[in-house]
Structures are given as C-alpha cells and as structure tokens.
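Summary of the model geometry
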Amino acid sequence: MNKEIIEICKLHKIKNYTINPDGSIDVDGDVELGGNLYKLPLKFNRVDGNFYCYGKFLTSLEGCPNYVGGDFSCGNNDLTNLIGCPNYVGKDFLWRNNNLTSLEGAPNYVGKSFDISSNPLPKEVIDNPEAEIKRLNRNRKLNSLLND
C-alpha cells in the first residue's frame, strides 16, 4: 500500500508528506493535483498549505483533507454539494463554477472568503452562505437530538 501511495505522490509532485497508519497522508506544504481526475487519487488527512483540485471533473470529494491550512480551491468541477470537503480551511474557500445545489457538508471554519459564485444556488444563498450554513447545522443538530 505504501509503495502505491509513494508512486501517486511522485506522479502529482507531492513532497514533504507522511503516510499515516490508516493510509491517509499529511502534507507539510501545498498540494496541486495535475491531470484530469474524476476522483481524488489519495486519501488526504491534513494539508498545512494550499489544496488545489480545480478543473478536474471531480464528482465526489472522497479522500479530501479534513484540514487545509491555506486556500482550498476546487472550482470548475462537477460537484453538487460540499460533502467531504475540509472541516477547517485557514484562508480562502474557492468553489466557483461547480454544479452546487446545496451547501450541505460546508466547512465549520473558513479563515477568509467563502466564494461559491457561478453555481446554480439561489441568489440569497450565494449572497449570504453563512446564513444557509447556520440553518443546515441547526437542522442537523435538531435531527440528531430527535433521533437519539
């Protein structure tokens, strides 16, 4: 398994990484995935720098890091929701030109801008995504309480 991970890291020029016991990787630096991808090639856990996966034809965020210390840029893909995206983004969350129909799965923390422009979301959601994220979190907590 580690040999395959090492080869994939070489292919995508990912450096300064640690392979975790669960097969995920932590990267001390940036990740900029190259080529046409329909899914992420690795299971990322933590990326201390920026994570770029824009323009790749992605339809799922399976394998996405839980933590990104810098920018998280995933625009120009075929994603319809944010399920699987990082819980923490230290700087900008750039998600333009996807096919978002919901903010379900949005990060718990974004340090700077939250850009979801040019998506088929209602104008009030694009103009004020924080209100929609709060509503979704409130509904999730309520459903959790009702189902326990």
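We now turn to the structure provided with this report. (Residues numbered from 1 in each chain as written. Predicted model: local features only at pLDDT ≥ 70, side-chain atom pairs only at ≥ 80, totals over all residues. Heavy atoms only, no water.)

**Thoughts on the nonpolar core**
The biggest cluster of nonpolar side chains holds 37 residues, and the ones touching the most others in it are Phe44, Phe51, Phe72, Trp95 and Leu103. Among the secondary structure elements, those contributing two or more residues to this core are α1 (2-11), β2 (25-27), β4 (44-47) and α3 (129-147). With three residues, α1 is the largest single contributor of residues to this core. (Core = buried A, V, L, I, M, F, W, Y, C linked by side-chain atoms within 4.5 Å. Buried < 20%, exposed > 50% of the residue type's maximum accessible area, 1.4 Å probe, protein only. Helix = DSSP H or I, 4+ residues; strand = E, 2+ residues; numbered from the N terminus.)

**Thoughts on the layout of surface pockets**
Considering only enclosed or pocket space, the largest pocket measures out at about 170 Å³ in volume. Every residue lining the largest pocket is listed: Pro107, Asn108, Tyr109, Val110, Lys112, Phe114, Glu130, Ile133, Lys134 and Asn137. Mapped onto the lining of the largest pocket, the elements with two or more residues apiece are β10 (109-110) and α3. At four residues, α3 tops the list of elements feeding residues into the lining of the largest pocket. Among the residues making up the lining of the largest pocket, the classes are represented as five nonpolar, two polar and three charged. (1 Å grid on protein atoms, 1.4 Å probe; cavity = no way out; pocket = protein on both sides within 12 Å on 5 of 7 lines; lining within 4 Å. Points joined across faces, edges and corners; volume = space filled by probe spheres on them. Nonpolar A, V, L, I, M, F, W, Y, C, P; charged D, E, K, R; others polar.)

**Remarks on the pattern of salt bridges**
Taken as a whole and judged by the stated rule, the model has six salt bridges. As a salt-bridge pair, Lys43 and Asp22 come within 3.6 Å of each other at their nearest N and O atoms. Residue Lys43 is located in the loop between β3 (31-32) and β4, and its partner Asp22 is located in the loop between β1 (17-19) and β2; the two are separated by 21 residues in the primary sequence. A relative accessible area of 45% places Lys43 in the partly exposed class. (Salt bridge = Lys/Arg side-chain N within 4 Å of Asp/Glu carboxyl O.)

**Observations regarding the sheet that holds strand β11 (residues 114-115)**
Reading across the sheet, the five strands line up as β3-β5-β7-β9-β11 and stay open at both edges, with parallel pairing between neighbours. Looking at which strands have only one partner, the edges of the open sheet turn out to be β3 and β11. (Pairing = 2+ DSSP bridges.)

**Things to note about the side chain of Asn77**
Mapped onto the fold, Asn77 is located in the loop between β7 (72-73) and β8 (88-89). Note on Asn77: relative accessible area 4%, which makes it buried. At 2.9 Å, the side chain of Asn77 forms a polar contact with the backbone nitrogen of Lys56. If near-sequence neighbours (up to four positions away) are discounted, Asn77 is found in contact with Cys53, Tyr54, Gly55, Lys56, Phe57, Leu58, Asn97, Asn98 and Asn99. (Polar contact = N/O pair within 3.5 Å; in protein donor to acceptor, adjacent residues only side chain to side chain. Contact = heavy atoms within 4.5 Å.)

**A closer look at the packing of aromatic side chains**
Taken as a whole and judged by the stated rule, the model has 10 aromatic pairs. Relative to Tyr54, the ring of Tyr52 lies with its centre 6.0 Å away and its plane at 75°, an arrangement referred to as edge-to-face. Judged by relative accessible area, which is 38%, Tyr54 ranks as partly exposed. For the ring pair Phe93 and Phe114, a centre distance of 4.8 Å and an interplane angle of 10° mean the geometry is stacked. One end of the pair, Phe93, is in strand β9 (residues 93-94); the other, Phe114, is in strand β11, and 21 residues separate them in sequence. When its relative accessible area of 15% is taken as the criterion, Phe114 is described as buried. Here a set of aromatic residues connected by ring pairs shows up, and it is made of Phe44, Phe51, Phe72, Phe93, Trp95 and Phe114. Arg46 extends its terminal NZ or CZ atom over the ring of Tyr67, reaching a point 3.8 Å from the ring centre. (Phe/Tyr/Trp six-rings, centres within 6.5 Å; stacked < 30°, edge-to-face > 60°. Lys NZ or Arg CZ within 6 Å of the ring centre and 35° of its normal.)

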